[in-house]
Amino acid sequence: MNGPMRILIDLQAAQTEFLQSGPNSTAVVLAKRLLQQAVGHECRFILDERNSRDVHAWKDLLAPDANDCEFRLFCTPEQDPSGGRTVSRGVYTDFIESNRPDLLISLGHADKNNHQILKPLDQYALSCATLSLGSEEDLPAILSWLNDATAGAGKSGGAPAIDLMQCLADEFRRLPTSDEAIRNVAKAMAYNRRPEKRQLLLDVSVLAIADAKSGIQRVGRSIFNELLSSPPVNHTVRAIRFSDGYYHYADAFTAKAGHVLHTGSDEPVDFYQGDIYLSLDLNMHIVPEVEAIYRDMGNKGVELFFIVYDVLPIQHPEWWPAEISPMYRAWLESLARHASGLCCISAAVAQDVSTWMEQHPPQRVRPGPGVYSFHLGADVQNSLPTMGLPDSAEETLDAIQNSHSFLMVSTIEPRKGHRQTLDAFELLWNQGLDLKLVIAGRRGWLVDSLLQRINEHPENGKRLLWLEGISDEYLEKIYAASTCLIAASEGEGFGLPLIEAAQHRLPILARSLPVFKEVAGEHAHYFEGLSPQALAHAIQEWLALYLNNRHPQSTHLPWLNWKQSTQQLLDAIEHSTGQILSQEPPQSEMVHEGQTS
């Protein structure tokens, strides 16, 4: 950039100090010195319209230095849900962007409830510097930092670095610097001066403690593995976890998963403006502890994204323990207040989330959050699969393969349809049909009587097989040995077993849910009804088609691998943030100089 630098000076936080101290306030002294040192550069001031009379007073105080300066009134702050006053982030950002300064300076002491909300401005070739001055003790450290920021603005914008701060630093050099001021400056530097690459931060707080091998955690593992193996070219991918009241880098967890990219010792996370936070798991249990952190991250320009697997605990609280529905509602309400985007695992879930937010508008000063959808991947080899086979595996697999075996893959919980399915098979067994029911899944909640019934069933270990907590390796072999997948769940966010079944050319008998039809389309046979008789009839109907080779084939069911799924997720985040998030190929796929592809 040739010519003068455009400097935008935000006086909103200084107005209260100005009303109390008048011409002797630190902000006035600073503003005058800024103008004296910025001769030849274009300066504009921002003032709160609630105190519009201040414009003339400021002009009088800063004259004759401000003769050529422009004063702009800004919108009245809106009420923040937390109870404090806050500037509307969206309107404020639009105002800054429309003025397109090379340097933004905020003068004055900011109250803890009066957040100065700064969007990451570097994509506009801006350097963002913030002064929060409570007394002249704060000036030396802050001015030293601001001097660096000024030089940075010159580098990023192409203009010569102006010696705007040196005179101020010299003038206040004799004043002591408080420890609190230094801490505040360090935090400001973290938010306003990022490394060369932005961070893509993957929240693995639940996975890092224990992998319950649930469907949600299989998704989290897969996306984690894909992003660490093939990160976006313009971002540094780091796993993070919440503990002891703060987020820490999860380098130990990352190394355990085979990705040794950093050598840190799980140090506290430095969040920078423009970073992207992505929650991979369902971490609703930590909402009371992390909501203030979400608010602070969002106010400082970190983009917050959450994967939403479904809204079933709100739609059907009877399917979960009593405490889950209120906890889930609090989690979703928190996301609606603070998230930049909610990334849903199907269009059906996205519709449910959008409907819920229309019925429960979030209390926030910025429009949003955006609601997006993507589909899950299904290549188990790229999901950090669990390994291991029991001693009885060969015998069990033979038994499954040598009969008409119907497979259910899910945690045993009320909504999954196990009770209806077992009732239906008892009807079929009583009619003399020799069929096997194979249940692969860990024990869940509110099903004690059902589990007792399975364990004490006369067909248990014969035509009724419950394979609890098995590895991904074993599950792959069971898919290959089975005759048909039964997806009897009464509510789902996606239905990953349908795709896993299709990978093994395993036919599918599924409940007629919108999300199952979204995933499987014409490649599955569907049934309706909650009675055992309805499902028993559907099984017999499917068997008749199967024995005549007229059943729907799953062979051509379209599905994504985890690389494609992850890129769909990144595309949604890219659409929301404007940041380029194309992935680079894994190291094994890269062509090095001197090699041929």
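1. A look at the overall build of the chain
Step number 1: From N to C terminus, the chain includes 21 helices and 20 strands.
Step number 2: Across the 597 residues in the chain, those meeting the buried criterion constitute 55%.
Step number 3: Taken as a whole, the chain presents about 25,700 Å² of accessible surface, with 48% of it coming from carbon and sulfur.

2. A few points about the nonpolar core
Step number 1: Counting residues in each nonpolar core, the largest one holds 101 residues, and the members touching the most others are Y247 and L278.
Step number 2: Of all hydrophobic cores here, the second largest spans 28 residues; its members include A424, L428, L450 and A488.

3. Details of the environment of L342
Step number 1: Along the chain, L342 falls in strand β13 (residues 341-344).
Step number 2: The buried category is assigned to L342, whose relative accessible area is 0%.
Step number 3: As a C-alpha pair, L342 and L332 span 10 residues in sequence and 9.8 Å in three-dimensional space.
Step number 4: With residues near it in sequence (within four places) discarded, L342 still touches F306, V308, L335, V353, M357, P369, G370, V371 and Y372.

4. Describing the confidence of the model for the chain
Step number 1: Put simply, the chain has an average pLDDT of 77, and 64% of its residues get 70 or more.
Step number 2: Segment residues 73-92: pLDDT under 50, and 68 contacts once partners within four positions in sequence are set aside and those in other chains are kept.

5. Overview of the pairing of strand β12 (residues 303-308)
Step number 1: Counting buried positions along β12 gives six out of six residues, so the element sits mostly inside the fold.
Step number 2: Neither face of β12 is left uncovered, since the one carrying E303, F305 and I307 and the one carrying L304, F306 and V308 both have all their residues buried.
Step number 3: Bridge analysis of strand β11 (residues 276-279) against β12 gives four bridges, and the strand direction is parallel. Following the sheet pairing, S279 is matched in β12 by F306.
Step number 4: Inspection of the sheet shows β12 paired to β13 by four bridges, in the parallel sense. Directly across from F306, in β13, lies its bridge partner L342.

6. Re unusual backbone geometry
The phi torsion of most residues other than glycine is negative, and most of the peptide bonds are trans.
Step number 1: Its identity is not glycine, yet D244 carries a phi of approximately 55°, on the positive side.
Step number 2: Among the secondary structure elements, D244 is positioned in the loop between β9 (235-243) and β10 (246-249).
Step number 3: Phi at L446 takes a positive value of approximately 60°, unusual for a residue other than glycine.
Step number 4: Position of L446 among the secondary structure elements: in the loop between β16 (435-440) and α16 (448-455).

7. Structural notes on the packing of helix α15 (residues 418-430) against α16
Step number 1: Across the interface, α15 lies against α16 with an axial gap of 11 Å and an inter-helix angle of 30°. α15 and α16 meet at a crossing whose hand is left-handed. Seen from α15, the contacting residues are H418, R419, L422, D423 and E426; seen from α16, they are S449, L450, R453 and I454.
Step number 2: Per-class residue counts for the contact of α15 with α16 are three nonpolar, two polar and four charged.

8. Regarding α15
Step number 1: Under the 1.5 Å per step criterion, the end-to-end length of α15 is 18 Å for 13 residues, consistent within 8% with the ideal 18 Å.
Step number 2: Buried within α15 we find H418, Q420, T421, L422, A424, F425, L428 and W429.
Step number 3: A positive backbone phi angle near 95° is found at G432, which sits one or two residues after α15.

Rules behind the numbers
- Residues numbered from 1 in each chain as written.
- Predicted model: local features only at pLDDT ≥ 70, side-chain atom pairs only at ≥ 80, totals over all residues.
- Heavy atoms only, no water.
- Helix = DSSP H or I, 4+ residues; strand = E, 2+ residues; numbered from the N terminus.
- Buried < 20%, exposed > 50% of the residue type's maximum accessible area, 1.4 Å probe, protein only.
- Areas by Shrake-Rupley, 256 points an atom, 1.4 Å probe, with all protein chains shown as cover.
- Core = buried A, V, L, I, M, F, W, Y, C linked by side-chain atoms within 4.5 Å.
- Contact = heavy atoms within 4.5 Å.
- pLDDT = per-residue confidence, 0-100.
- Pairing = 2+ DSSP bridges.
- Axes fitted to C-alpha atoms, helices over the stretch in contact; angles between N-to-C directions.
- Left-handed = near helix turned anticlockwise from the far one by under 90°.
- Nonpolar A, V, L, I, M, F, W, Y, C, P; charged D, E, K, R; others polar.
- Expected span 1.5 Å × (residues − 1).

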